[in-house]
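A look at the structure
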Amino acid sequence: MRAVRYHDAGGPGVLRLEEIDRPEPAPGELLVEIRAASVNPVDAKLRAAHAPSEPKTTGSDLAGVVSAVGERVDGYEVGERVFATGLHTDRFTGGSFADYAVVPTDLLAPIPDSVSFQQAAAVALVGVTAWRAFVHHANVEPGETVLIHGGNGGVGHVAIGLADALGASSVTTARPEHHDTVSAFGADAVLDYDRDDLADAIRSETSGVDAVLDHMPGTYFETDIEVSAFGGCIVVIAGGDAPIPNAGAARSKELQFSMMSMSNLATHPDLPNIGPILSRLGTLLDDGRLEVSIDRTLPLEDAAEAHRAVIEESVVGKIVVTP
Ligand SMILES: NC(=O)c1ccc[n+]([C@@H]2O[C@H](COP(=O)([O-])OP(=O)(O)OC[C@H]3O[C@@H](n4cnc5c(N)ncnc54)[C@H](OP(=O)(O)O)[C@@H]3O)[C@@H](O)[C@H]2O)c1
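Residues numbered from 1 in each chain as written. Predicted model: local features only at pLDDT ≥ 70, side-chain atom pairs only at ≥ 80, totals over all residues. Heavy atoms only, no water.

Turning our attention to the pairing of strand S7 (residues 100-104). Extensive coverage of S7 is indicated by the burial of five of its five residues. Side chains Tyr100, Val102 and Pro104 project from S7 onto one buried face, and the interleaved Ala101 and Val103 project onto a second face that is buried too. Bridge count for strand S3 (residues 29-38) against S7 is five bridges, and the pairing is antiparallel. When the bridges of S7 are listed, Leu31 appears paired with Val102. (Buried < 20%, exposed > 50% of the residue type's maximum accessible area, 1.4 Å probe, protein only. Helix = DSSP H or I, 4+ residues; strand = E, 2+ residues; numbered from the N terminus. Pairing = 2+ DSSP bridges.)

Below, the structure written as C-alpha cells:
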C-alpha cells in the first residue's frame, strides 16, 4: 500500500510517497481502507519539529471503510463506513495519509449515511477540539455567548457551528474577505481581527463573553480578559506559554483559564474517548445542525502541498487529501 511518510524532521519536502506493507489489525483495532483524510496544522508542526524514531506516516484524521476486524472488537463489521482522529499522536507510527490504517476502536465512530467521507475526515480533529473546548472545558450552555478567534479556520468554522448547535451566540474574527462566508457558517457577528478597537467592538456586540476559544493567547489574552463576562472561561488551544496580562482584572472577574490539547483524549486513558464525541459530531452533521467546509481536495501525491498550504495560506475550513 502507499503511505506518505517522513524519516527526518524538516520542510514539506521531507514527505515521501512510499510503498509499505499493509498493517494487520491487532486486538481491539480495525483495518480501515482510507477514502479521505484531512490536513491539520499539527501534522505540519510535528513534521517540522520532531524527527521520528522510525518512519512516520503523516495525517491525523481519516474516513473510510472497515476492511478487517481485529480480535476482541464488538460492534463493527467489514464494509462499515467509519471516521477517526488522533492518529498524529505518539501512540502511532501509522497516520492517515495512506491507503490503509489500523485504528483502535476508541478513536473512531460510524459515519451516518448522509455524511460523505470527505466531510467526515474534515470534521474529525477540529470537531473534537471544538467539542472538548466548549462542552468539556467551558460547559457552554444555551443562551450564552462565545468568542472565536479566526472563524474561517479549521477549528474556528466548526466551533461557530457547534456553538450554534449548543444554543449559544457567537462573535468571531476573520480578515474582511471572509466575513460573508463566516456569517454564513452561523456567526452572529464577524469582526476584522486587525482592527485596533477589537475589544470595544466585541463589547458593543455582547453583554460579556461566557467562553473564548483562543489559539493566539500571546496576541489576544488582554482582549479576552477585557470582553469576558464575570465567571467566563478562556480556553487556550495553542501558544499556551503566553503570560497572562492584567491578571488583576481576570481575578476580579473570576475568569477560568483552561489549557487543552485534544491529543490527550487519544493518549490519556482517564479522559473521555474520542469515538463517542465523533459519534455526536456525526449526528449533528446528519441532522444539518453542523456544517464542515472543504476548501479544496488534493490527491495523496500532493501531500506536501497540503502541508504547505495549511500553514501558509488563509484557508476557509479544511483541506482534504484523498488516496
Ligand atoms: N490544542 C488543541 O487541541 C488544538 C487542536 C486543533 C488545533 N490546534 C491549534 O489551533 C490553531 C488553529 O488550528 P486550525 O486547524 O483552525 O488552523 P487554521 O485552519 O490554519 O486556522 C487558523 C486561523 O487563525 C486565523 N488567524 C491568523 N492570524 C490571525 C490573527 N492575527 N488574529 C486572529 N486570527 C488569526 C486564520 O485566519 P487567516 O485565514 O486570515 O490567516 C485562521 O482563521 C493551530 O495553531 C493548531 O495547531 C490546537
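Counting residues in hydrophobic clusters, the biggest one holds 75 residues, and the most contacted among them are Phe83, Val103 and Phe134. Element by element, the count of residues in this core is highest for helix H2 (residues 117-137), at 13 residues. Taken domain by domain, the makeup of this core includes at least three residues from each of domain 1 (2-123 + 272-322) and domain 2 (141-259). Every residue in contact with Phe83, bar those within four places of it in the chain, is listed here: Leu62, Ala63, Leu107, Leu108, Ala109, Pro110, Ile111, Ala120, Val123, Ala124, Leu278 and Gly282. Counting 19 residues, the second largest nonpolar core, distinct from the first, contains Val209, Val212, Ile225 and Val236. (Core = buried A, V, L, I, M, F, W, Y, C linked by side-chain atoms within 4.5 Å. Domains from an automatic or database assignment. Contact = heavy atoms within 4.5 Å.)

Here the focus is the sheet that holds strand S14 (residues 256-259). Within the open sheet, the six strands sit side by side as S11-S10-S9-S12-S13-S14. Their pairing is parallel. Looking at the sheet topology across the chains shown, the edges are occupied by strand S11 (189-192) and S14. Neighbour-to-neighbour, the strand axes of the sheet open up by a mean angle of 20°, direction not taken into account. As judged from the five bridges shared by strand S12 (residues 209-214) and strand S13 (residues 228-236), these two strands associate in the parallel manner. Directly across from Leu213, in S13, lies its bridge partner Val235. Together, strand S9 (145-148), S12, S13 and S14 form the strand contacts of helix H6 (residues 217-227), whose direction differs from that of S13 by roughly 160°. (Axes fitted to C-alpha atoms, helices over the stretch in contact; angles between N-to-C directions.)

Turning our attention to the site of the ligand. Surrounding the ligand, one finds 21 residues, the nearest of these being Arg175, Tyr193, Tyr220, Met262 and Ser314. For the ligand, an oxygen atom lies 2.7 Å from a polar atom in the side chain of Lys45. Separating an oxygen atom of the ligand from a backbone N or O atom of Met262 is a distance of 2.6 Å. When the ligand is considered free in solution it has 920 Å² of accessible area, and contact with the protein chains removes 83% of it. Applying the majority rule of atoms within 2 Å of the grid points places the ligand in the largest pocket. Broken down by secondary-structure element, the contributors of at least two residues to the shell around the ligand are helix H1 (41-49), H2 and helix H3 (154-165). Considered class by class, the residues forming the shell around the ligand number eleven nonpolar, eight polar and two charged. (Near = heavy atom within 4 Å. Polar contact = N/O pair within 3.5 Å; in protein donor to acceptor, adjacent residues only side chain to side chain. Areas by Shrake-Rupley, 256 points an atom, 1.4 Å probe, with all protein chains shown as cover. 1 Å grid on protein atoms, 1.4 Å probe; cavity = no way out; pocket = protein on both sides within 12 Å on 5 of 7 lines; lining within 4 Å. Sits in = over half its atoms within 2 Å of the grid points. Nonpolar A, V, L, I, M, F, W, Y, C, P; charged D, E, K, R; others polar.)

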